Amino acid sequence: MVLKVFFPSCCSSADSGILIGRWLSEQNSAVILAVAHFPFIPVQVKHYLGEVQRLTKVSVSVLGSWSNSKQEKEESLSEFLEDLGTIFCHEPWIQISKEGDSKFWSCSILQKHSKNPQEEEIILVYYDQRKVMLSHLHPPLDTAGQRAEDASKLSAIFDTVARSQVLFMTDRYDEGPIKLTHWQSDGVEASIIVELLKQASVPACMLLTFLLSLLSGICRSRVLKFWPLSFLWSKLSTCEQLGHRLQHLQVISSNKKAQNQNQLMRKANIFVSLLIDVALGIVLMSWLYRKNRIGHLADTLIPVADHVAEELQDLLQWLMGAPAGLKMNRALDQVLGRFFLYHIHLWISYIHLLSPFIERILWYVGLSACLGLTVALCILSDVIALLTFHIYCFYVYGARLYCLKIYGLSSLWRLFRGKKWNVLRQRVDSCSYDLDQLFIGTLLFTILLFLLPTTALYYLVFTLLRLLVVIVQGLIHLLVDLIDSLPLYSLTLRLCRSYRLAAGVKFRVLEQQDGKPLRLLMQINPLSYGGVVQTYRLPTYSCYPRDSWASLCKKLFLGELIYPWKHKGDKQN
């Protein structure tokens, strides 16, 4: 058989001593966890390992001896290490030795109590104890008692290292009866500041949880369910983003411990996302209130609105003439043109009526950037929606009129073919019409058909303007969703400490020589950047309904409205 010895790379330069670890009989493997150095008392070692086994529920024992002779090997030390096998009584007894500066190690197995000792092939596997401990490739610690008993899997090694955390957590200034070498041999130096922050975080989280529960209770109250407030809450993207951030704060301030790695990463990603969002918002706010940029922005807003209104007036004058040499229905063209010109006149009057208050409104809106850059971007999207409300009205009027004519023409076309739409059965059935119905249908079909080009031209122009506004709002919401959903903490871990996001392990051959054990190096395979984003991406809200290009073209042809607002059904789980 092949005996596998998993040896921590941090112990390769340790002084001579005994090997402490766990024996996996099903795998015929030994997991070395630490090296205990001389001098020691065997009774104290057994008592210490008994306490560790009681706390960790891991059968930790002395597996063998370790010899690191920087000079020539001494016979007395070799005999002493062999005699330790009779004191601790472990079968088989593993002896690993490193002679001088040689890169090849010798590893032997002693089976004193075996009647038929067999020569086994030995594979020495080095592993980084720190990376294995923090890689979370092992099962969750709270379900360790329910772990799978399939010892042929490599997860038993990770589970052994993870559950032996008590063996590693030693204080730097605690001089115990046993001196150990492992990945935390220098000990964990306690920080007074960190301990004070831990103590202060408990009441701070309790206070934050109380305030958030009070705020969420107000948001769920019946006052906000009445028509005006409920309409604004469901339509404004700022309200949606504030509700989204409120949910994030409730997740962070929750006193429930994370059950697994995904929940822990989700909390960390949300916290980092909130921190960066607020930091960018404060930077934006400081930039706005410096050098009177709010006043310059307010002075620029009115001329821009007037310029847009003038361009729309010129566009309508062009449509009321002979646009691109097309022959339009003059009566309908004049009616639609004057109707839209009157709306533009009302819009200009409304803008100039608000002009004395715009700077003060922008000053208070700029303060909202302290809530985060995403909130400021959502307010910008809502401001664009309000400033282009006349374009939205033009689009709705043109779409409704165009849709009415399309459905009228389709109904009259079925009349020509002797068909009708069955509302009850939702299908087209045959029907017989008399002469008067066919005559009236012919007249109406002719009128609608010759008026359709004029209506379609107005609808096409205003639809293009509406799509331009929708694209601008969509780009803003894409930036908001990017800040909300991007797992920045996980990406930083992937960049700096890739072993924290492990996808598996790989083995690399170090040296191989006849008469010497095969030496392998176990390395952690990190997740790819795409896998990190896909695994730890935070849930967010989509900007608009995700229609395919075919359904979008169908809506445009039939004159159905493209809503720019967020809907409750557009949430991503």
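The protein is annotated in an unreviewed UniProt entry as PIGQ acetylglucosaminyltransferase from Urocynchramus pylzowi.

A.B. asks: Can you help me understand the environment of Ala268 in this one?
C.D. replies: Structurally, the position occupied by Ala268 is in helix H9 (residues 261-288). Taking the C-alpha atoms as reference, Ala268 lies 9.0 Å from Leu488; in sequence the two are 220 residues apart.

A.B. asks: Teacher, can you tell me more about the UniProt feature "transmembrane region" (unreviewed entry) in the protein here?
C.D. replies: Within this structure's numbering, the places UniProt gives as "transmembrane region" (unreviewed entry) are residues 200-219, 270-289, 335-354, 361-388, 394-416, 437-461 and 467-491. Counted over residues 361-388, helix gives 79% and strand 0%. Its end C-alpha atoms are 18 Å apart. The distance from the first to the last C-alpha atom of residues 467-491 is 35 Å, and the span holds 92% helix and 0% strand.

A.B. asks: What is the right way to look at the packing of helix H11 (residues 330-354) against helix H15 (residues 435-485) in this model?
C.D. replies: Pairs of packed helices are described in terms of their axes, by the angle between the two and the distance that separates them. One can describe the packing of H11 onto H15 by two numbers: an axis separation of 10 Å at closest approach and a directional angle of 25 degrees. Considered as vectors, H11 and H15 are oriented roughly parallel to each other. Crossing of H11 against H15: the hand is right-handed. Counting all contacts with H11, which are made through Leu332, Asp333, Leu336, Gly337 and Phe340, the residues of H15 involved are Leu451, Thr454, Thr455, Tyr458 and Phe462. Tallied by class, residues from the contact of H11 with H15 come to 6 nonpolar, 3 polar and 1 charged.

A.B. asks: Quick question: what am I supposed to make of the confidence of the model for the protein here?
C.D. replies: Here the protein averages 77 in pLDDT, while 77% of its residues score no lower than 70. Across residues 141-152 the pLDDT falls below 50, and counting only partners more than four positions away or on other chains, this stretch makes 11 contacts in the model. Within the model, pLDDT remains below 50 along residues 542-547, and this stretch shows 21 contacts once partners closer than five positions in the same chain are excluded.

How each quantity is defined
Residues numbered from 1 in each chain as written. Predicted model: local features only at pLDDT ≥ 70, side-chain atom pairs only at ≥ 80, totals over all residues. Heavy atoms only, no water. Helix = DSSP H or I, 4+ residues; strand = E, 2+ residues; numbered from the N terminus. UniProt positions renumbered as here; feature names shortened; annotations may be inferred. Axes fitted to C-alpha atoms, helices over the stretch in contact; angles between N-to-C directions. Parallel < 35°, antiparallel > 145°, perpendicular 65-115°, else oblique. Left-handed = near helix turned anticlockwise from the far one by under 90°. Contact = heavy atoms within 4.5 Å. Nonpolar A, V, L, I, M, F, W, Y, C, P; charged D, E, K, R; others polar. pLDDT = per-residue confidence, 0-100.

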